[in-house]
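A structural walkthrough
Take a look at the letters that make up each chain.
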Amino acid sequence: MAPKVIALLGSPLHEGNTAQLLAQAVRGAREAGCTVELITVTNLDFQGCQEMFFCREHETCVLDDDMQQMYPKFVDVDGLILATPVMTMGIPGTLKSFMDRFQVFFMAKYQRKQSLVPSDQKKRRAGIFICISGMDIPEVFVGAKLTTQAFFDIIDCRFQDELLISDMDKIRDITTRPDLLDAAYKKGFAFGKSFSQ
């Protein structure tokens, strides 16, 4: 069976630079033999976490919205490609709210000590992180990367690789940099191949 990968777009620009890099990584993963589902976070209808703590005792959230469809997908997936721009030295608010709703996984793993991900599946689950920043300053990716690493830990997905591209305020249009698009393709292809090693 082909490895199942979710490509998660955190940018509000569905055809912007982040989306184009993600598309190349997806192409690479597919050519490496993976089935890939694209999820665009800003297309989903959901609220941020309300801290109602229903998930302390249950394997889902009390809020009835599009996140109910997300949880089983993230249990079953083998790999995750997460792509986002940096905003305010972190990640976009909608993507952060999406991650916060995975308290369902957090409570299962850390409070009840019963991860939603089967133990035999944990060994192969991995993720890669694609991130762009308008600025080219020290530590510009630190906040976004720490948040992503925490999210990957919560969903039992090993942080495997990254592609970090700064100075996008000067580059502006990623299509003028085929080397960067090719780098995203290669990351996705290598990621896809890693499941068969």
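Refer to the structure above for everything that follows.
Residues numbered from 1 in each chain as written. Predicted model: local features only at pLDDT ≥ 70, side-chain atom pairs only at ≥ 80, totals over all residues. Heavy atoms only, no water.

1. Points about the nonpolar core
In terms of nonpolar packing, the biggest core is built from 38 residues, with Leu 8, Phe 74, Phe 98, Phe 105 and Phe 151 touching the most fellow members. Of all the elements in the fold, those that place two or more residues in this core are strand 1 (4–9), helix 2 (67–76), strand 3 (79–85), helix 3 (93–100), helix 4 (103–111), strand 4 (126–132) and helix 6 (142–154). Examining the composition of this core, we find that five residues originate from one element, helix 2, more than from any other. In contact with Phe 105, not counting residues within four places along its chain, are Tyr 71, Phe 74, Val 75, Leu 116, Val 117, Ile 154 and Ile 155. Of all hydrophobic cores here, the second largest spans 27 residues; its members include Ala 25, Leu 163, Ile 174 and Leu 181. (Core = buried A, V, L, I, M, F, W, Y, C linked by side-chain atoms within 4.5 Å. Buried < 20%, exposed > 50% of the residue type's maximum accessible area, 1.4 Å probe, protein only. Helix = DSSP H or I, 4+ residues; strand = E, 2+ residues; numbered from the N terminus. Contact = heavy atoms within 4.5 Å.)

2. Topic: the packing of helix 3 against helix 6
Taken N-terminus to C-terminus, the directions of helix 3 and helix 6 make an angle of 25°; their axes are 10 Å apart at the nearest point. Considering the angle they form, helix 3 stands roughly parallel to helix 6. Note on packing geometry: the crossing formed by helix 3 with helix 6 is left-handed. Of helix 6, the residues touching helix 3 (which contributes Lys 96, Phe 98 and Met 99) are Thr 147, Thr 148 and Phe 151. (Axes fitted to C-alpha atoms, helices over the stretch in contact; angles between N-to-C directions. Parallel < 35°, antiparallel > 145°, perpendicular 65-115°, else oblique. Left-handed = near helix turned anticlockwise from the far one by under 90°.)

3. Digging into the environment of Phe 46
Topologically, Phe 46 is positioned in the loop between strand 2 (35–40) and helix 2. Residue Phe 46 is classed as buried on the basis of its relative accessible area, which comes to 14%. Not counting chain neighbours up to four residues away, the residues in contact with Phe 46 comprise Val 41, Asp 65, Met 67, Thr 94, Ser 97, Phe 98 and Arg 101.

4. Describing the sheet that holds strand 5 (residues 158–165)
Taken together, the five strands give an open sheet; going across it, the order is 2-1-3-4-5, and neighbouring strands pair in parallel fashion. Each of the sheet's edge strands pairs with one partner strand only, and the pair in question is strand 2 and strand 5. Strand-to-strand twist in this sheet, taken as the mean axis angle between neighbours without regard to direction, amounts to 15°. (Pairing = 2+ DSSP bridges.)

Coordinates in, geometry out; function isn't part of it.
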